[in-house]
Amino acid sequence: MVDLAEEMDNPTFRSDTVLSDVHLHCPSKRHLMVRLNAVGQPVFLSHFKLLWSTGDLASGKHVREITTGREHQCRSGGELCDKDRRNIKKEGEFNNEGVEALLDDDGDLDVVRRPRSASDLEAEDLSRDIVCPVILMKGKEDAFEDEEQECTCSDVVKIEHTMATPLEDVGKQVWRAAFLLADYMLFKRDMFRCCSMLELGGGTGITSIIMGTVAKRVYCTDVGEDLLAMCEQNVALNKHLMEAGGGEVKVKELNWLKDEFCTDPEAPYSWSEEEIADLLDHCSVIMAADVFYDDDLTDALFRTLYRITRNLRNSCTVYLALEKRLNFTLRHMDITCEAYSHFRNTLNDLENLQDGKMKYTVEPIKPDFCQFLVYERIEQL
């Protein structure tokens, strides 16, 4: 948990802010502060690389390569496909063999450093270390010019986000389970092609944007005008990715603590009657990633799920992704994950619900499918 200092160069630690470490594990990437949002939080722009082009995505070519190509066979345990692993190594990561190659006879890490020239020393005060996870810069996207030369626009998802927030603003960060959910849906994208989808707690919109390259329409929902404005900006930044497949993402408000859709025409991100009808008539997939961290919000989410699914014209599949965050508590004198336990109990209640109209079936999905985004797939996902 981090609170960024006034100049944002040196992080200081406090107990009332939360930091997603997704940004810290993106190899060789710079995260540039581009602006302050309406509540004065620094907003960063990050590039998240897809491990293939969207041209392959739209044609389904990459799926055929994965399922039939011997070189691209997936391994169990959440590991990457062979081709994808090589791509990540190009991004600056080492596998176990790469690390072992850097060890000396005693097993110590042998780091080779290039000699520092006089010009390096003279420029030291004028430049920042590019391996630092946070590099501040006021201004424009052209600071990413170097990265854009290395990858085409169809290979990169651009996301504006914050780095550290109070708990109530965690939706403005990018979380690991969002990548896991996007990975699964890309791996099974033939199932989702041309369908209508709803994301609950979409946050920055990264999962909806990626699914917008496959699905016909995605309603990305959350609450808070500032967060929804950030999400809408991210949709605009990646509009060309979705246009290639004919999909679209609509950013809408959906408050789990309210029983109805917001239809006030004066309110930003409200729903029209036509959009509500379209959702209820055509939605076949609902998804949510990393939204189970508060028991009251978890209860509200499941109430919203029940309210929406019972009004859908067709049957629907709900995909939920989360990371189990383990903590040592004095109350239990043990390592626990209370938020996950409450989520599981509430999920069981939904599955056991008998109201004469709805029937819910729960099925776990093993995270051993191929990885299409660069992130650390830990066992707690």
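Our structure's up above, just so we're on the same page.
In every chain, residue numbers begin from 1 and rise along the written sequence. Only residues with pLDDT of at least 70 are given local features in this predicted model, and only at 80 or more are side-chain atom pairs given and counted; all residues enter the totals for whole chains, interfaces and linings. Side-chain numbers come from the whole structure's heavy atoms, not from hydrogens or water.

Concerning the overall build of the protein
Then step 1. A tally of regular secondary structure across the protein gives 14 helices and 15 strands.
Then step 2. A simple rule labels every residue: compare its accessible area, found with a 1.4 Å probe on the protein chains alone, to the largest value its type can have, and call it buried under 20%, exposed over 50%, or partly exposed in between. Looking at the protein as a whole, 46% of its 381 residues qualify as buried.
Then step 3. A contact between two residues is defined here by any heavy atoms of the two lying within 4.5 Å. For the protein, long-range pairs separated by at least 24 residues make up 70% of all intrachain contacts whose partners lie at least 6 apart in sequence.
Then step 4. Of the roughly 20600 Å² that the protein leaves accessible, carbon and sulfur atoms contribute 49%. Counting from the N terminus, the helices are the DSSP runs of H or I reaching at least four residues and the strands are the DSSP runs of E reaching at least two. Areas reported here follow the Shrake-Rupley algorithm with a probe of radius 1.4 Å; residue values treat only the protein chains shown as occluding.

What about the sheet that holds strand β9 (residues 196-199)?
Then step 1. When DSSP finds two or more bridges between two strands, those strands count as paired. Pairing in this open sheet of 5 strands is parallel, and the strands run β11-β10-β9-β12-β13 from one edge to the other. A strand with exactly one partner marks an edge of an open sheet, and here the two such strands are β11 (248-253) and β13 (317-321). Direction aside, neighbouring strands of the sheet carry axes that sit 20° apart on average.
Then step 2. Across 5 bridges, the pairing between strand β12 (residues 283-289) and β13 is parallel. In the sheet register, V285 faces β13, and the bridge partner there is T317.
Then step 3. Lines fitted to C-alpha atoms define the axes, with helix axes restricted to the stretch in contact, and inter-axis angles between N-to-C directions lie between 0 and 180 degrees. Contacts from helix α7 (residues 176-187) reach β9, β12 and β13, with the element oriented near 150° to β12.

Let's talk about helix α10 (residues 225-237)
Then step 1. For α10, with 13 residues, the first-to-last C-alpha span of 18 Å sits near the 18 Å given by 1.5 Å per residue.
Then step 2. Regarding α10, the residues found buried are L227, L228, M230, C231, N234, V235 and L237.
Then step 3. The elements touched by buried residues of α10 are β5 (42-49), β7 (156-161), α9 (206-211), β10 (217-222), α11 (239-243) and β11. One less than the residue count of a helix, multiplied by 1.5 Å, gives the span that helix is expected to have.

Scope: geometric values only; no functional claims are made or implied.
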